[in-house]
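A look at the structure
Each chain, written out:
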Amino acid sequence: MKRFLALLATCATVLGLTALVSPQAVAATGCRVDYTVTSQWQGGFQAAVKITNLGDPLTGWTLGFTLPDAGQKVVQGWNATWSSSGPTVTAVGVDWNRTLATGASTDVGFVGSFTGANPKPTAFALNGVACTGSVGGEEPPPDPGTGTPVSVNGQLHVCGVNLCNQYNRPIQLRGMSTHGIQWFSKCYNSASLDALAEDWKSDLLRVAMYVQEQGYETDPAGFTDRVNSLVDMAEARGMYAVIDFHTLTPGDPNYNLARAKTFFASVAARNAAKKNVIYEIANEPNGVSWSAVKNYAEQVIPVIRAADPDAVVIVGTRGWSSLGVSDGSNESEIVNNPVNATNIMYAFHFYAASHKDTYRTAVSRAASQLPLFVSEFGTVSATGGGAVDRTSSIAWLDLLDRLKISYANWTYSDADEGSAAFKPGTCNGGDYRSSGVLTESGALVKSRISTADSFPTG
Ligand code: IDC
């Protein structure tokens, strides 16, 4: 009898184990969480939580952890849906931030409150599996290379949906856009561009040449010269220059077709030998169909190619470069009817206080089908003014970093509006470096742009 019971027990164990190790049931799991208190003040703190998936790819994730002190609470979080029950905190990846490839990371975070001490949580679980931080299979960090953005990356080209450097490796450029050069010319001089390259460590300068509103149409030769000189100033500092034909009103770029052909024939011939030039042929088409924009692009791009065959060209999209989303459409109109040209990218613009999850979902979906370049974005509302939306701005920049989408922030100027990086009057003086000249938007964007690049060179 005893022996029979023992045999039964053994069978049960074997059966149990078999169920646990059956190949369908067991996925490779593993994760690492880096939890950093990025700032702390009386009763409050901000925490950055970097989640790295070391296991099989995930199409959805839930992070769980316990706040160690009874006085600690999550107040508001970002890049995930946050909830808590007593000390137990749960963060669930939102739609545009759901997938995590093997080795991929996502950055989430929250603002919390605390009474007593503010100890860090120590145990985290991803989809119920403890994050022990074993890092088997992680890719080594890319060789950062040395030198300026242009000397490291050289002539750029589009590869699949990415922007690639001379080593055919995907890169992300992070930088600033000028304001309208017809109004803020005083902001673009040796001192301000030195600060942009050295202090901001900007990879690019977007040169916003309005066509209307006292822009190019009033003095074609003068504006062409001014653009060329800014291209040279960017080149001398190792930065890329995006030549932005800043059409805005009227919204149909075909209104400016003849001007665009004249302008681009001239700047493309003059800058053909340079490696730092990217052409943006229409800032924000609006009130116009995608097919009209495509028609414009297919007439302007050949003019550029005839003079400068290898440069990347950025094409504006419908609905103020929203991939059509602001007009109730989406990227499928482009995917189904792309511009007939190679080495091009499509512009996506956003203003963080106006454009949120719906737009992030569209970008994250479109990014696997179209080469995207965020040639303009603001941390504020689409008027260019109003308050900085930190939560949305951080969510956007984290998404662009994750997708390796290049971006330029509106604006490197001292305009009296929330989107400007400098306080009004800054461009009348010579100081573009101290923290005192920055606006809230400038401080936030500079903190993101000035982190080290890691351009792959091999
Ligand atoms: C805004 C400027 C503002 C100017 C206005 C009209 O910030 O000073 O008066 O243009 O020219 C865009 C456009 C960009 C806008 C910006 C903010 O590309 O020209 O600049 N914006 O409204 N698209 C969405 C927002």
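A short tour of the structure in this document, coming up. Keep in mind that what you see is a predicted model, and the values were worked out from it rather than measured.

Observations regarding the pairing of strand β6 (residues 88–93)
- Alternating positions in β6 separate cleanly, Val 89, Ala 91 and Gly 93 being buried on one face and Thr 88, Thr 90 and Val 92 remaining unburied on the opposite face.
- What sits between strand β5 (residues 80–85) and β6 in their antiparallel hairpin is a turn of 2 residues, with Gly 86 showing a positive phi close to 60 degrees.

Brief notes about the sheet that holds strand β16 (residues 277–280)
- Taken in spatial order, the 8 strands line up as β13-β14-β15-β16-β17-β18-β19-β20 and close into a barrel, and their pairing is parallel. Neighbouring strand axes in the sheet, compared pairwise and without regard to direction, differ in orientation by 25 degrees on average.
- In the sheet, strand β15 (residues 240–246) pairs with β16 via 4 bridges, with the strands oriented parallel. Looking across to β16, one finds that Val 242 is bridged to Ile 278.
- Against the sheet, helix α5 (residues 257–271) engages β14 (204–210), β15 and β16, with an angle of about 165 degrees to β15.
- Where helix α11 (residues 440–449) meets the sheet, its contacts fall on β13 (174–177), β19 (372–378) and β20 (407–410), and the angle it forms with β13 comes to roughly 145 degrees.

Comments concerning helix α9 (residues 357–366)
- Here α9 has its buried residues at Tyr 359, Arg 360, Ala 362, Val 363 and Ala 366. Take α9 and look down its axis: the buried residues cluster within an arc of 160 degrees, on one side only.
- Buried residues belonging to α9 abut β18 (344–351), β19 and α10 (390–403).

As for the site of the ligand
- Of all residues adjacent to the ligand, which total 15 residues, the nearest are Tyr 210, Glu 213, His 246, Glu 284 and Glu 417.
- Separating an oxygen atom of the ligand from a side-chain N or O atom of His 179 is a distance of 3.2 Å.
- Take Glu 376: an N or O atom from its side chain is 2.9 Å from an oxygen atom of the ligand.
- In the complex, the protein chains occlude 78% of the 500 Å² of accessible area that the ligand would expose alone.
- Here the residues of the shell around the ligand are counted per class, giving 6 nonpolar, 5 polar and 4 charged.

What to know about the nonpolar core
- Ranked by size, the top nonpolar core spans 85 residues in total, and within it Trp 200, Phe 264, Tyr 279, Ile 281 and Val 315 carry the most contacts.
- With sequence-adjacent residues up to four places away left out, Trp 200 is seen in contact with Met 176, Ala 195, Tyr 412, Ala 421, Phe 422, Tyr 432, Leu 438, Gly 442, Val 445, Lys 446, Ile 449 and Ser 450.
- Among the nonpolar cores identified, the runner-up in size contains 24 residues, and Leu 58, Val 74, Ala 80 and Val 108 belong to it.

Quick look at the pattern of salt bridges
- Overall, the coordinates contain 23 salt bridges when judged by the stated rule.
- With a shortest N-O distance of 3.3 Å, Asp 95 and Arg 98 are connected by a salt bridge.
- Classification of Arg 98 by relative accessible area gives partly exposed; the value is 34%.
- Arg 237 is the salt-bridge partner of Asp 194, the closest N and O atoms lying 2.7 Å from each other. Taken together, the residues Asp 194 in helix α3 (residues 190–199) and Arg 237 in the loop between α4 (220–236) and β15 connect sequence positions 43 residues apart.
- Residue class for Asp 194 comes out partly exposed when judged on its relative accessible area of 25%.
- The buried category is assigned to Arg 237, whose relative accessible area is 18%.
- One continuous salt-bridge network, built from bridges that share partners, spans Arg 206, Asp 244, Glu 280 and Glu 376.

Side note on the state of the cysteines
- Tallied over the full model, the rule gives 3 disulfides.
- With its sulfur 2.1 Å from that of its partner, Cys 187 forms a disulfide with Cys 427. With the S-S dihedral at roughly 105 degrees, the linkage between Cys 187 and Cys 427 falls on the right-handed side. Placement of the pair is Cys 187 in the loop between β13 and α3 and Cys 427 in the loop between β20 and α11, with a sequence separation of 240 residues.
- Residue classification places Cys 427 among the buried positions, given a relative accessible area of 8%.
- Within the protein, bonded cysteines paired by disulfides and numbered along the sequence follow the pattern 1-2, 3-4, 5-6.

Let's talk about α4
- Taking 1.5 Å per residue, 17 residues should reach 24 Å; α4 reaches 24 Å between its end C-alpha atoms and fits that length.
- Every buried residue of α4 is accounted for by Phe 223, Thr 224, Val 227, Asn 228, Leu 230, Val 231, Met 233 and Ala 234.
- Those residues of α4 that are buried lie in contact with α3, β14, β15, α5 and β16.
- Gly 238, located one to two residues past α4, shows a positive phi value of around 75 degrees.

A look at the sheet that holds strand β9 (residues 129–130)
- Taken in spatial order, the 5 strands line up as β5-β6-β3-β8-β9 in an open sheet, and their pairing is antiparallel. Each having just a single partner strand, β5 and β9 make up the two edges of the open sheet.

Criteria and cut-off values
- Residues numbered from 1 in each chain as written.
- Predicted model: local features only at pLDDT ≥ 70, side-chain atom pairs only at ≥ 80, totals over all residues.
- Heavy atoms only, no water.
- Buried < 20%, exposed > 50% of the residue type's maximum accessible area, 1.4 Å probe, protein only.
- Helix = DSSP H or I, 4+ residues; strand = E, 2+ residues; numbered from the N terminus.
- Pairing = 2+ DSSP bridges.
- Axes fitted to C-alpha atoms, helices over the stretch in contact; angles between N-to-C directions.
- Contact = heavy atoms within 4.5 Å.
- Arc of directions from axis to C-beta.
- Near = heavy atom within 4 Å.
- Polar contact = N/O pair within 3.5 Å; in protein donor to acceptor, adjacent residues only side chain to side chain.
- Areas by Shrake-Rupley, 256 points an atom, 1.4 Å probe, with all protein chains shown as cover.
- Nonpolar A, V, L, I, M, F, W, Y, C, P; charged D, E, K, R; others polar.
- Core = buried A, V, L, I, M, F, W, Y, C linked by side-chain atoms within 4.5 Å.
- Salt bridge = Lys/Arg side-chain N within 4 Å of Asp/Glu carboxyl O.
- Disulfide = S-S within 2.5 Å.
- Expected span 1.5 Å × (residues − 1).

Read these as layout, nothing more, since geometry by itself doesn't imply function.
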